[in-house]
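# Structural description and commentary
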Amino acid sequence: MKTFVIGIGGVTNGGKTTLAKKLQKHLPNCSLISQDDFFKPESEIDTDENGFLQYDEKAARNLQPKDHYKVLEALNMEKMMSAVSRWMENPGRSEGPRALESAQGVPILIIEGFLLFNYKPLDTIWNRSYFLTVPYEECKRRRSTRIYEPPDPPGYFDGHVWPMYLKHRQEMNTITWEIVYLDGTRSEEDLFSQVYEDVKQELKKQNGL
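What comes next concerns the included structure. (Residues numbered from 1 in each chain as written. Predicted model: local features only at pLDDT ≥ 70, side-chain atom pairs only at ≥ 80, totals over all residues. Heavy atoms only, no water.)

### Let's talk about the environment of Leu109
Topologically, Leu109 is positioned in strand S3 (residues 108-112). Measuring from C-alpha to C-alpha, the distance between Leu109 and Asn127 comes to 9.9 Å, with 18 residues separating the pair along the chain. Each residue touching Leu109, except ones within four places of it in the same chain, is listed here: Phe4, Val5, Ile6, Ser31, Leu32, Ile33, Val84 and Trp87. (Helix = DSSP H or I, 4+ residues; strand = E, 2+ residues; numbered from the N terminus. Contact = heavy atoms within 4.5 Å.)

Next up, the structure:
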């Protein structure tokens, strides 16, 4: 069975989850897997030279994973790959509106997360890849407006969050497939419209329409 897999990566507070959920709502036969759902227990996470946990997904048990920036080692990627494999073996179907009538028969999977394109086992899975970028000042401003419990330690954004993003972005320079870079400062509706139309065209190509 044909499938269509979309990757949505990007910087923290870049709008990955918002875009992914909006696409899932409007695409037919669409499922969503979030990388944030596969964190290891905090006890298994290393700290960096500054004493910061190398994923700041939760400094307390009630902290939401998506509220922080992380590193790949903080994730159980084998478990995530198992979830992807299960979907590929038996593609799920969503109850969303069938807006792309010509592509009803193609199950779609969206995978969204902060380090999707830095994990080699996923390299061959993508039909379409998107990466949301936000400038330093805007990213820092957005993060500062979010409420964390407990709050970020002093200097955390400049000392860990942004440097890790730059490191992983640099690693992406070796990627050989096409990634569509998106300006995360644009409105949610503009970003959705661009990606939705792009996906629609790619699905039509896959179906020979």
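### Side note on unusual backbone geometry
Phi is positive for Asn13, which is not a glycine, with a value near 60 degrees. As for its placement among the helices and strands, Asn13 is situated in the loop between strand S1 (4-10) and helix H1 (16-26). We classify Asn13 as buried; its relative accessible area is 13%. The residue Asn29 is not glycine, and still its phi comes out positive at about 50 degrees. By the secondary structure assignment, Asn29 is in the loop between H1 and strand S2 (30-34). (Buried < 20%, exposed > 50% of the residue type's maximum accessible area, 1.4 Å probe, protein only.)

### Observations concerning helix H3 (residues 136-145)
Given 3.6 residues per helical turn, the α-helix brings residues three or four places apart onto the same face. Among the residues of H3, those classed as buried are Cys139, Arg142 and Arg143. Burial along H3 is one-sided: seen end-on, the buried residues are contained in an arc of 95 degrees. Across H3 from its buried face, at more than 90 degrees, point the exposed residues Glu137, Ser144 and Thr145. Taken together, the buried residues of H3 touch helix H4 (156-171). (Arc of directions from axis to C-beta.)

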